[in-house]
Structures are given as C-alpha cells and as structure tokens.
Amino acid sequence: MANIFIISAPSGSGKSTLVRALRETVSNLEFSISYTTRRPRGTEQNGREYYFVTREEFEAMVRRQEFLEHAEVFGNYYGTARRFLESAEEKAYDLLLDIDVQGAEQIKRKLPAAQSIFILPPNRGELERRLRERSQDSEAVIQRRLEAAAREIENYWKYDYILVNDRLPKSVKDLQAILLAERQKRQEQTDRNLIARAEMCRLDRMREKLHPILESFQRTAAGGGK
Ligand code: ADP
Ligand code: 5GP
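Residues numbered from 1 in each chain as written. Chains lettered and ligands numbered in written order. Predicted model: local features only at pLDDT ≥ 70, side-chain atom pairs only at ≥ 80, totals over all residues. Heavy atoms only, no water.

A. View of the site of ligand 1. Close contacts around ligand 1 come from 14 residues, with G12, K15, S16, T17 and R134 the closest. Between N165 and ligand 1, the recorded distance is 2.8 Å, taken from a side-chain N or O atom to a nitrogen atom. Between ligand 1 and D166 there is a distance of 2.9 Å, counted from a nitrogen atom to a backbone nitrogen or oxygen. Coverage of ligand 1 by the protein amounts to 80% of the 570 Å² it exposes when considered alone. Every element with two or more residues in the shell around ligand 1 is listed here: α1 (15–25) and α5 (124–134). Along the lines of polarity and charge, the residues of the shell around ligand 1 split into two nonpolar, seven polar and five charged. (Near = heavy atom within 4 Å. Polar contact = N/O pair within 3.5 Å; in protein donor to acceptor, adjacent residues only side chain to side chain. Areas by Shrake-Rupley, 256 points an atom, 1.4 Å probe, with all protein chains shown as cover. Helix = DSSP H or I, 4+ residues; strand = E, 2+ residues; numbered from the N terminus. Nonpolar A, V, L, I, M, F, W, Y, C, P; charged D, E, K, R; others polar.)

B. Molecular detail of the site of ligand 2. Close contacts around ligand 2 come from 15 residues, with S34, R38, Y50, E69 and Y78 the closest. Between an oxygen atom of ligand 2 and a side-chain N or O atom of R41, the distance comes to 3.1 Å. Within the side chain of D100, a nitrogen or oxygen atom sits 2.8 Å from a nitrogen atom of ligand 2. Taken by itself ligand 2 offers 520 Å² of open surface, and the protein chains cover 90% of this. At the level of elements, β5 (67–73) and β6 (76–81) are the ones that each hand at least two residues to the shell around ligand 2. Of the residues that constitute the shell around ligand 2, the class distribution is five nonpolar, four polar and six charged.

C. Looking closely at the sheet that holds strand β1 (residues 4–8). Here five strands make up an open sheet; going across it, the order is β2-β7-β1-β8-β9 and the pairing parallel. In this open sheet, the two strands that pair with only one neighbour each are β2 (29–31) and β9 (161–164). The average undirected angle you get between the axes of adjacent strands in this sheet is 25°. Both strand β8 (residues 115–120) and β9 contribute to a ladder of four bridges, which runs parallel. Paired with F118 across the strands is I162, a residue of β9. (Pairing = 2+ DSSP bridges. Axes fitted to C-alpha atoms, helices over the stretch in contact; angles between N-to-C directions.)

D. Quick look at the layout of surface pockets. When its volume is computed, the second largest pocket comes out at roughly 270 Å³. If you go around the second largest pocket, you meet 16 residues; those closest to its centre are V164, K170, D174, M206 and K209. Among the elements of the structure, β9, α7 (168–187) and α9 (203–221) are those that each provide at least two residues to the lining of the second largest pocket. A per-element tally of the lining of the second largest pocket places α9 first, with four residues. (1 Å grid on protein atoms, 1.4 Å probe; cavity = no way out; pocket = protein on both sides within 12 Å on 5 of 7 lines; lining within 4 Å. Points joined across faces, edges and corners; volume = space filled by probe spheres on them.)

Right, dumping it as structure tokens:
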C-alpha cells in the first residue's frame, strides 16, 4: 500500500515552493496532477500543473467514477484521478496530493491511513507580503485570497500535521521529516531524530504555537489591523 500524503494550505503560504522542494529531494514519490475546469494561469501547461478540461468533460469523468475525490473550489471543479493512486501502487511509490480541505476530508473518509498536512503562514501580515511579492494577482484578488485564508485556516484541526512555513529551509526539512518518518513507520526502520522532528509538527504539539497565528487572522476578520 502506498503512503498517501495530503497537503493543503491557504494560497500564498508557500505550498508550491515546498512541494517543488520535495520533488527534488524525496524519491519514489508520485505527484498527482489534478483535473480542473478553471482556465490556465500565466505559464501553466496542460498536463504539468493541471489537466485543464471543460465542465462537460469533468462531469463525464465524475459519472465514470474516475475520481478519488472531487470538489468545487472558488467556482471551479477540481478532482484527483484514481489512476494516480493506481500508478503509485504499481511502482511501489508514495502519493502526494495537493488538494483543498473538502478533498482532504473525502480522502480521509475513504482512505483513513492517509496523512494530512496543513501549511500555515507565520501570520496574516506575512501572508499579505508573500501574495504581493508573488505579484500574480490584482489588489482585489489579493484581498479575496486573504479573506479566504482566514476561513480556510479555521480547518487546521482536521489535519494530522501542521507546518508553519516561517523560514523556508527549516520548513523543507520538517516536511521531508514528516514524509520520511511515515515511510519508516511502515518499513520498521527507525531514525529517532527524524521521527522526533516529524512529531514536533503533530497537531497536538502545535496548538499553543497556533494561537497567535489564528489571532492575527481573526483580528482582521473583525475589522481590526494586522
Ligand atoms: P502557494 O503555492 O501556497 O500559493 P507560493 O509557493 O507561490 O505559495 O509562495 C508565495 C510566495 O511566497 C512566493 O513568492 C514564494 O517565493 C514566497 N515564499 C514561500 N515560502 C516562503 C518562506 N518560507 N519565506 C519567505 N517567502 C516565502
Ligand atoms: P489553484 O486554482 O489556485 O491552483 O487551486 C485552488 C485550490 O484548489 C487549492 O486549495 C488547491 O489545493 C485546490 N485543489 C487543487 N487540485 C485539487 C483537487 O484535485 N481536488 C481538490 N479537492 N482540491 C484541489
């Protein structure tokens, strides 16, 4: 059985940056490429970031039960094709899914052994800075993303691991540790340092650290400053 890792994060937290780092450093990991009905952005290519399909094509795939999970996110459909799990199993690889909270819930229900990781920015001000630095979006879109982030992070407690993406090199190592520690559990090998590092990111261990982050979003949601 492949290990399944689910990664979710509010836009701008650094998820793509972290997933890119994993591609370069963790072997035997299959990256699921989702299907979506949204239009390609910027330099996105069909079959690289996503498979871009029409609503009709997507709905036909739903009818043929080709999806492991699917959901509507910001007015577009997104779905994970079953064949990525089958392909990972055939190669004896693990599978990484970059999906939203609704998708994560569906996968957890179907495949309870899947491990989920929620990535958070260090605070709202830093998320805003990163969204601006990426300079992909208009001011109105940045404001919408910040509002969506405040809602999305309320779901943090549904995840097994929490990763606060503060210093990038540390975050990459923490994320690697989570993946490799889960692998080791199955292989009955143990690298104590690796497992200890992963355990530090467990939801229960992170609750205290999360208070100020959640507060920075709640203050703005209530109309205050950053
Ligand atoms: P996401 O995929 O979550 O929307 P990105 O990976 O595109 O986010 O990152 C958003 C911006 O923040 C990018 O400009 C990226 O270079 C930057 N970034 C990512 N991680 C960090 C970090 N730990 N510290 C500072 N900047 C970061
Ligand atoms: P974006 O359009 O910005 O690439 O992604 C928007 C949101 O859709 C992100 O939260 C991303 O994780 C989520 N997403 C991407 N692919 C899938 C998928 O296959 N299933 C689900 N449920 N969400 C997805």
